[in-house]
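Letter by letter, the chains look like this.
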Amino acid sequence: MNNENRPELVTASGYPLHKGASVRSVWSATGECVPTGHRQPTGGRPTHTRAPAGCRGGRGGGGGGELAPEGAISAMEQPLDEKDLERKLKKEHKAREKEEKKLRAKQKEAARLQAQAASDGARKSEKKQKKKGAIDENPEDFVDPDTPTGQKKLLASQMAKQYSPSAVEKSWYTWWESLQYFVADAASSKPPFVIVLPPPNVTGALHIGHAITVAIEDAMIRWRRMSGYNALWVPGMDHAGIATQVVVERKLMRERKLSRHDLGREKFLSEVNNWKDQYGGTILRQLRMLGASLDWSRECFTMDSRRSKAVTEAFVKLYKEGLIYRDIRIGHWDCTLRTAVSDIEVDYLELKEETLLVVPGYNIPVQFGVLISFAYPLEEGLGEIIVATTRIETMFGDTAIAVHSQDERYKHLHGKYAIHPFNGRKLEIICDDELVKTNFGTGAVKITPAHDTEDFKAGKRHNLDFINIFTDDGNINENGGSQFEGMPRFTARAAVIDALKAKGLYRGMKNNEMKLGRCSRTNDIVEPMIKPQWFVNCNTMAKAALDAVKSKEIEIIPPQYEQDWYRWLENIRDWCISRQLWWGHRVPAWYVTLEDDEEKDMGSYIDHWIIARNENDAILEAEERYPGKKYQLDQDPDVLDTWFSSSLFPLSIFGWPDDTADLSTFYPTSVLETGLDILFFWVARMVMLGILLGGDVPFQKIYLHPIIRDAHGRKMSKSLGNVIDPIDVINGITLEGLQKKLEQGNLDPDELEKAKEGLKKDFPDGIPECGTDALRFALISYTSQSDKINLDIKRVHGYRLWCNKLWNAIRFAMIKLGDQYTPQTTVVVDSMPPVCRWILSVLNKSVGKTVSSLEAYKFSEATSSIYSWWQYQLCDVFIEAIKPYFNDSQEFEAARGASRDTLWLCLNTGLRLLHPFMPYVTEELWQRLPQPKEACMKDSIMISEYPSTVQEWENDQVENEMEIVLDAVSKLRSLRPPTDIHERRPSFVLCRNLEIAATVQCYQAQIATLASVSSLKILIEDDPSPPGCATNIVNKDLAVYLQLRGALNTEVEHEKLRKRREEVQKQHDTLSQKMNASGYREKAPQSKQDDDMKKIASLLEELEIISEAESKLDANN
């Protein structure tokens, strides 16, 4: 606005300001102004000029200042000369003005006290009525009636006064499921959006890691379903070979003192199936409790008939293509389970020194973390060669000793032999520069090719003998000689040391840093063992999976894990897919033992294996291969790695290898959401097999959520007692209940006591009831953390309290909307009060931010956007700001109607926006909202349309104005003494330019309401600072004052101004440093430089204002 178009203004004293007056002297105390060229008539009402953008169609706020009355000369007085007359008139005018101000102040105070008394009386009367009404209330009106299973939930006639998760979350799920809202249609014309639930172990229970998967995936699927997609979320259970077998074996031993070998294979499998049938439903109940909108009509199990058919078909196809083969390789062996285990089932302990560990099957702790030296005698009287090892019991399998070719200490021994002290075996001294490090140990390395991964490679390089010295259960076999045969491996460790000492060959022991592998299932120390196994050659499949990510056929989110993907696939090893278990998919391989075979053991001849889909096909091939010969046909007793069947899941769930409608419609799926820890064991293998067998990538995106740890950052472990059952968080549980659950597990006594102590420390009062909605929202909000989540139950409980805030917002709305309210299908936004236009505009931004965050898989940003709008904008500002409109005054009739419409729009939109994250509470609250008569509303919020942005709601100008308003409110609130924050006090707003004053005047009522002040008066720069006030600087154009009278603490006010000065000075210095940096003027765009100059000027001006406020504070005190 230029000076020529500026209206004539009046000061707080009533004098007019002409065109040449300071821009800072703009608005009167009433917040009103006078058009240019017109003097204000005495005693007349000021004329409004054009209001700020936020005030079109609304009422202007009234202030508290009046204009001065016109002066008059008494007829009795003697004529005076012109100067004396003017002086006298001014003096009398000031005196009258002062008296009138005092009179008006007294009248105002009297009116205020009268109004306050009336208000207090009304409030007391209202409280009495409420109290009387409360006595007359029927408690049953607040309790939901029992709902028959599968029917729509029956709601109480009155909303409960507090949110109860258990009450809200019952009945809705069975209703959704009965109406088949979760079921996708393969014949639908809608675009598909498909997720496969990572199949949890069938006999287990969901832990908190599963809960974050469910929360994220259900949020995605509900959002897409509401957005018009043919959304399919497929549930499945994994047979979990090792995990399930371990649980059942422990149960048998604990209850009946039997091993699986005591029972035999068939009876043991019968026990496992009984266990599965008894406990397999636990996870299904948990998934439903978590609100997972899974298509249960497509539920599957990795060992059901269709999935088993797919596993067999995949094995046969891969074998025929030359990708599956049988070989003797070294791998991790669990002596307790008597099976090979994969890398994911091995946890590594970092040992710094000698450490004693409890090992299953041993009564006393076993020593680890030491390097033992002993001597091998050399032939021909050459003396001895000293070697060092961490596993001295493996010396029975030694077949050579390696040295470095350039090590001068051993050059004279190249090609010589050492003699084994216990069996006389000759051990050649070989050179292997790849294996030997001259600065480690003695520089001479014993080689045990059958029991060490690196030694295995050396054995292959030098064509050494591979001698296995252990039985499957970890005892020394016949290769240990009669002195040691039958000894458990760690018992033999001590016995070998004693025997070496007896022979004078023991040379000592020292601490040694090392990594020790333990099986996560049994806690046993894994043993490197060579076994004949089935392997998959992964080279060509790995290249295809690698190229799929490079070409963006598959997108990995977050993208930093792409490098891990490349690194693993570029260095992939062949995959061992056989396990020596009984529970799992039996390997579809049959061994032919011919009558004239010299070796009768299974697997003795590699070419006697037949791969077939079933036994009949195997018999036909055997007869064709060995016509006229007598033979015996036996199926391989081994089962396939669980990951093999799981890797086929995106194909097998849709019916592969058959050509089904589901397969053509829903494969490839849309996104695979899982934890980072199984990126290679499961995700990469799904991609490899999906491309090879399905002809396409199995999913277009991979989203990896962080791994959940406890509040201290520790990995969750049953032995630590920090594993959290999501159902305990939902329902709440006492400390005693948590400890009792531990006792029902499989922990040994020492671990049990340690775990109980951990529970007592972390949950001294148990876990409070949080509900499903709060748990889901908390877990999703945690995903902003990088690769780990330190879960604090207090944060989850905080969101449960927030649910109560939502509940109360709807209760408020139901009261204010009234029983007769019918929502409008369309509203005219421009005619609404500014605060209504503001809340719709910020809601629009929240909708846009939420949708864009969901599309970008930034789930925590979506929850943050929704939370901020509900909490800080709707509940904290809008609902509070509109309360005065509902005092039944005719003056606010239009604003009251607009507020009702806006409130309904906000709640209807806000609940739909929140629904994917909090399905239960949003359904219940949405069902209570009144519905428009003309609109065809859906029966459930979950099939309603997800919100999208509305262009008509966007209003940046009103948002900017409200930002100033809320800053002023915040600064006023901060001035209230902590001892009487509920006392309403007079306040003042000092405006230094026209635009800011117009904004404050427009929102005067909202500022007074939100800041909880008794009155709000607008001042201009030339007005004196009000005495007895605390002050706060909002910005360079705006300051606020709160009258404290005797409560004013000058030191406190000075400290506030000092901190503000430091803050502004820091901003100024940072910006100045940036502007003075070399290259700034050359590189920064001119528009940016102009903006920075304006910021610098603004900051300098604010520093002047702070100095001025400090001076006034000193002057008034």
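Please refer to the structure higher up on the page.
Residues numbered from 1 in each chain as written. Predicted model: local features only at pLDDT ≥ 70, side-chain atom pairs only at ≥ 80, totals over all residues. Heavy atoms only, no water.

Colleague: Describe in detail the overall build of the protein chain, supporting the description with residues and values.
Modeller: In terms of regular secondary structure, the protein chain is built from 33 helices and 35 strands. Counting all 1117 residues of the protein chain, 51% fall into the buried class. Here the analysis covers contacts within the protein chain between residues at least 6 apart in sequence; of these, 75% occur between residues at least 24 apart. Looking at the protein chain as shown, the accessible area adds up to about 52500 Å², and 49% of this sits on carbon and sulfur atoms. (Helix = DSSP H or I, 4+ residues; strand = E, 2+ residues; numbered from the N terminus. Buried < 20%, exposed > 50% of the residue type's maximum accessible area, 1.4 Å probe, protein only. Contact = heavy atoms within 4.5 Å. Areas by Shrake-Rupley, 256 points an atom, 1.4 Å probe, with all protein chains shown as cover.)

Colleague: Before we move on, can you summarise the nonpolar core with the specific residues and values?
Modeller: Judged by nonpolar contacts, the single largest core of 162 residues is most densely connected at Leu287, Leu791, Trp870 and Phe917. When sequence neighbours within four positions are dropped, the list of residues in contact with Trp870 reads Trp802, Leu806, Ala809, Cys875, Leu907, Gly910, Leu911 and Leu914. Residues Ala314, Leu323, Cys538 and Trp656 belong to the second largest nonpolar core, which totals 65 residues. (Core = buried A, V, L, I, M, F, W, Y, C linked by side-chain atoms within 4.5 Å.)

Colleague: Would you mind going over the sheet that holds strand 32 (residues 986-991) in detail, with residue names and values included?
Modeller: Judged by pairing direction, the sheet is mixed, and its four strands sit side by side in the order 33-32-35-34 without closing on themselves. Of all strands in the sheet, those bounded by a partner on one side alone are strand 33 (1015-1020) and strand 34 (1029-1035). Averaged over all adjacent pairs, the angle separating strand axes in this sheet is 20°, with direction ignored. As paired strands, strand 32 and strand 33 are joined by six bridges and run parallel to one another. The partner of Phe988 across the bridge, within strand 33, is Lys1017. Contacting strand 32, strand 33 and strand 35 (1038-1043), helix 29 (residues 994-1002) runs over the sheet at an angle of about 150° to strand 32. (Pairing = 2+ DSSP bridges. Axes fitted to C-alpha atoms, helices over the stretch in contact; angles between N-to-C directions.)

Colleague: Go over unusual backbone geometry, please, and point to the residues and values.
Modeller: The peptide bond linking Ile557 to Pro558 adopts the cis configuration, its omega dihedral lying at -5°. In this fold, Pro558 is placed in the loop between strand 21 (555-557) and helix 13 (562-570). Backbone torsion omega between Trp656 and Pro657 reads 15°, so that peptide bond is classified as cis. Here Pro657 is to be found in the loop between helix 16 (649-652) and helix 17 (661-666).

Colleague: Give me the sheet that holds strand 16 (residues 426-431): which residues, what numbers.
Modeller: Here we have four strands laid out as an open sheet, ordered 15-16-14-17, and mixed in their pairing. Across the chains shown, the open sheet's two edge strands, defined by having one partner strand only, are strand 15 (417-419) and strand 17 (444-447). Ignoring which end each strand starts from, the neighbouring axes of this sheet average 30° apart. With four bridges connecting them, strand 14 (residues 400-403) and strand 16 associate as parallel partners. Along strand 16, the bridge assignment pairs Val403 with Cys431.

Colleague: Lay out the packing of helix 23 (residues 793-817) against helix 27 (residues 919-928) in plain terms, naming residues and giving numbers.
Modeller: Viewed as axis vectors pointing N to C, helix 23 and helix 27 meet at an angle of 5°, and their least axial separation amounts to 11 Å. In terms of orientation, helix 23 and helix 27 fall into the roughly parallel class. Along its contact with helix 23, which presents Leu806, Trp807, Ile810 and Met814, the element helix 27 presents Glu924, Leu925 and Arg928. Counted by class, the contact of helix 23 with helix 27 contains five nonpolar, no polar and two charged residues. (Parallel < 35°, antiparallel > 145°, perpendicular 65-115°, else oblique. Nonpolar A, V, L, I, M, F, W, Y, C, P; charged D, E, K, R; others polar.)

Colleague: Explain helix 29 to me, using residue names and the numbers behind them.
Modeller: Counting buried residues in helix 29 gives eight out of nine residues, a clear majority hidden from the surface. Listing the buried residues of helix 29 in full gives Leu994, Ile996, Ala997, Ala998, Thr999, Val1000, Gln1001 and Cys1002. On its buried side, helix 29 packs onto helix 24 (834-855), helix 28 (956-975), strand 32, helix 30 (1004-1011), strand 33 and strand 35. By the N-cap criterion, in which a side-chain oxygen at the helix start approaches the backbone nitrogen of a residue two or three places on, helix 29 is capped by Asn993, the distance to Glu995 being 3.2 Å. (Polar contact = N/O pair within 3.5 Å; in protein donor to acceptor, adjacent residues only side chain to side chain.)

Colleague: Break down a negative patch on the surface for me, with residues and values.
Modeller: Residues Asp748, Asp750, Glu753 and Glu757 make up a contiguous surface patch of negative charge. Examined against the element boundaries, Glu753 turns out to sit in helix 21 (residues 749-762). In this structure Glu753 comes out as partly exposed when scored by relative accessible area, which is 47%. (Patch = residues over 30% accessible without salt bridge, like charges linked within 9 Å, V, L, I, M, F, W, Y side chains within 5 Å. Salt bridge = Lys/Arg side-chain N within 4 Å of Asp/Glu carboxyl O. Lys, Arg positive; Asp, Glu negative; His and termini not counted. Charge placed at Lys NZ, Arg CZ, Asp CG, Glu CD.)

Colleague: Outline the environment of Ile557, listing residues and values.
Modeller: Take Ile557: it is sitting in strand 21. Considered as a pair, Ile557 and Ala856 are 299 residues apart in the sequence and their alpha carbons are 9.0 Å apart. Among residues more than four places away in sequence, those in contact with Ile557 are Lys701, Ile702, Tyr703, Leu704 and Tyr857.

Colleague: Pulling in residues and values, what's your account of the pairing of strand 28 (residues 669-675)?
Modeller: The buried count for strand 28 comes to seven of seven residues, which makes it a mostly enclosed element. Inspection of the sheet shows strand 28 paired to strand 29 (residues 699-705) by six bridges, in the parallel sense. Across the sheet, the residue bridging to Thr674 is Leu704, located in strand 29. Following the chain from strand 28 across helix 18 (residues 679-694) to the adjacent parallel strand 29, one finds a crossover that is right-handed. (Right-handed = clockwise from strand over helix to strand, strands pointing away.)

Colleague: Go over the packing of aromatic side chains with me, naming the residues and quoting the values.
Modeller: Tallied over the full model, the rule gives 34 aromatic pairs. Here Trp575 and Phe644 contribute two aromatic rings whose centre-to-centre distance is 5.9 Å and whose plane-to-plane angle is 50°, an arrangement assigned as tilted. Pair noted here: Trp575 is in strand 22 (residues 575-576) and Phe644 is in helix 15 (residues 642-647), with a separation of 69 residues, a long-range link. Feature note: the residues Phe777, Tyr799, Trp802, Tyr867, Tyr872 and Phe917 constitute an aromatic cluster, connected by ring pairs. For the cation-ring pair, Arg795 lies above Tyr782, with the distance from its terminal atom to the ring centre recorded as 4.2 Å. (Phe/Tyr/Trp six-rings, centres within 6.5 Å; stacked < 30°, edge-to-face > 60°. Lys NZ or Arg CZ within 6 Å of the ring centre and 35° of its normal.)

Colleague: I'd like a rundown of the side chain of His608, residues and numbers included.
Modeller: The topology assignment puts His608 in the loop between strand 24 (589-594) and strand 25 (609-611). Judged by relative accessible area, His608 falls into the buried class, the value being 6%. Setting aside its immediate chain neighbours within four residues, His608 contacts Trp590, Tyr591, Val592, Leu594, Asp597, Arg625 and Tyr626.

Colleague: Residue-level account of the pattern of salt bridges, with values.
Modeller: Applying the stated criterion to the full structure yields 56 salt bridges. Among the ionic pairs, Asp343 bridges to Arg573, the shortest N-O distance being 3.4 Å. Residue Asp343 is found in the loop between strand 8 (339-340) and strand 9 (346-351), and its partner Arg573 is found in the loop between helix 13 and strand 22; the two are separated by 230 residues along the sequence. Classification of Arg573 as exposed rests on a relative accessible area of 61%. Two residues, Lys352 and Glu513, come together in a salt bridge whose shortest N-O distance is 3.8 Å. On the criterion of sequence distance, the pair formed by Lys352 in the loop between strand 9 and strand 10 (355-357) and Glu513 in the loop between strand 18 (506-511) and strand 19 (514-519) is long-range, its members being 161 residues apart. Considered together, Lys352 and Glu513 belong to a single accessibility category, that of exposed residues. Residues participating in the shared-partner salt-bridge network are Arg391, Arg489, Asp524 and Glu527.

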